[in-house]
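# Report on the structure
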Amino acid sequence: MVESGRFLTLDELDPSVDLASCWHFPRDQWHRYRIPGHHLLLVETGAIKARTPQGNLTAAARDLICFRPTELNEYGNRGPTLFYQAHINFAPPPRDRLTPWLDEKGPLPALVHLGAAFDDMRHLFETLCIEIVRPGAAHRLRLRAAVLEILALAADVLSASPSETVRLDPWQRARLRLESELGGDMTIGRLAREMGVSADHFIRQFKRRFGVTPK
């Protein structure tokens, strides 16, 4: 159960992005700095070592690092390293320093091994880098959406059975349309024509699929 005084519930998420960029360090570098919000790093190549208040960690390619707000954070790369980064507040003040709680997964961890999900995560970080410099409501909304998708993807990876995007087949789509237009102008004949079948065939297959007639 979420500890409301220490973590953010999903309903409280209202993210903003202060910085998003991509960096390549050809040689070893070490950084000591203050983090007012969350600092996320996505490692594409190389390796990163860090000393944080939550403990030490080592991240390799295809890993996501989630640094929490702190007065002193330290990390450095070992050898040539390419990574994306983003400074994110997951909620406005006064709860801007709290870490999201991913329901049954617990709080967003400091290190997530992405594996096959890396390409999808990189696309989201690229979206942050592109949209953050563009003015206007549409771009601000895309930034917020990308942050929420980052959390959703992390939650999927942390799950023992990652979820897949739900896609309706033609019969499920037809049933959804019938259910949403009760009392409307939708007819069985019209749906059958859209699917390229006769009304009788539509009725038989619909009943076989769902156990009820379209009516």
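On a predicted model such as this, the values are computed, not experimentally measured, just so you know. (Residues numbered from 1 in each chain as written. Predicted model: local features only at pLDDT ≥ 70, side-chain atom pairs only at ≥ 80, totals over all residues. Heavy atoms only, no water.)

Before going further, it helps to spend a moment on the overall build of the protein chain. Along its length, the protein chain carries five helices and 11 strands. For a compact globule of 215 residues, the expected C-alpha radius of gyration is about 17 Å, and the protein chain comes in at 23 Å, more than 25% above that figure. The principal-axis extent of the C-alpha atoms belonging to the protein chain is close to 70 × 40 × 35 Å. Relative to its 215 residues, the protein chain shows a buried fraction of 40%. Sequence separation of at least 24 residues holds for 75% of the intrachain contacts in the protein chain that already meet a minimum separation of 6. For the protein chain, the exposed area adds up to about 12400 Å²; of that, 52% sits on carbon and sulfur atoms. Separation between the mean location of the 28 positive side-chain charges and that of the 26 negative ones in the protein chain comes to 3 Å. (Helix = DSSP H or I, 4+ residues; strand = E, 2+ residues; numbered from the N terminus. Rg over C-alpha atoms; globule rule 2.2 N^0.38 Å. Buried < 20%, exposed > 50% of the residue type's maximum accessible area, 1.4 Å probe, protein only. Contact = heavy atoms within 4.5 Å. Areas by Shrake-Rupley, 256 points an atom, 1.4 Å probe, with all protein chains shown as cover. Lys, Arg positive; Asp, Glu negative; His and termini not counted. Charge placed at Lys NZ, Arg CZ, Asp CG, Glu CD.)

Summarising the element assignment, leucine 98 is placed in the loop between β9 (81-89) and β10 (99-100). Considering only alpha carbons, one finds leucine 98 and proline 69, 29 residues apart in sequence, at a separation of 8.0 Å.

Next up on the list: the pairing of strand β8 (residues 70-77). Summarising burial for β8: six of the eight residues are buried, a large majority. The pairing of strand β3 (residues 29-35) with β8 spans six bridges and is antiparallel. Counterpart to glutamine 29 in the pairing with β8 is asparagine 77. Looking at chain direction, strand β5 (residues 47-52) and β8 are connected through four bridges and run antiparallel. (Pairing = 2+ DSSP bridges.)

Taken in spatial order, the four strands make up an open sheet running β3-β8-β5-β6, and their pairing is antiparallel. The sheet is open, and its two edges are formed by β3 and β6 (55-60), each paired on a single side. Averaged over all adjacent pairs, the angle separating strand axes in this sheet is 20°, with direction ignored. (Axes fitted to C-alpha atoms, helices over the stretch in contact; angles between N-to-C directions.)

Time to look at the pairing of strand β4 (residues 38-45). Across the eight residues that make up β4, a large majority, six, are buried. Bridge analysis of β4 against β9 gives seven bridges, and the strand direction is antiparallel. Within β9, the residue paired with valine 43 across the bridge is phenylalanine 83. Two strands pair when backbone bridges link them, and β4 and strand β7 (residues 63-67) are joined in this way by five bridges, in the antiparallel orientation. Directly across from leucine 42, in β7, lies its bridge partner leucine 64.

As a further point, take the nonpolar core. In terms of nonpolar packing, the biggest core is built from 32 residues, with Leu40, Leu42, Leu64, Phe90, Met121, Phe125 and Leu128 touching the most fellow members. Broken down by secondary-structure element, the contributors of at least two residues to this core are β2 (16-25), β4, β7, β9, α1 (118-131) and α2 (137-158). The greatest single-element share of this core, amounting to eight residues, is contributed by α2. Of all hydrophobic cores here, the second largest spans 13 residues; its members include Tyr33, Leu57, Phe67 and Phe83. (Core = buried A, V, L, I, M, F, W, Y, C linked by side-chain atoms within 4.5 Å.)

Turning our attention to α2. Along its 22 residues, α2 runs 32 Å from first to last C-alpha, staying within 8% of the 32 Å computed at 1.5 Å per residue. Contacts made by the buried residues of α2 are with β2, β4, β9, β10 and α1. (Expected span 1.5 Å × (residues − 1).)

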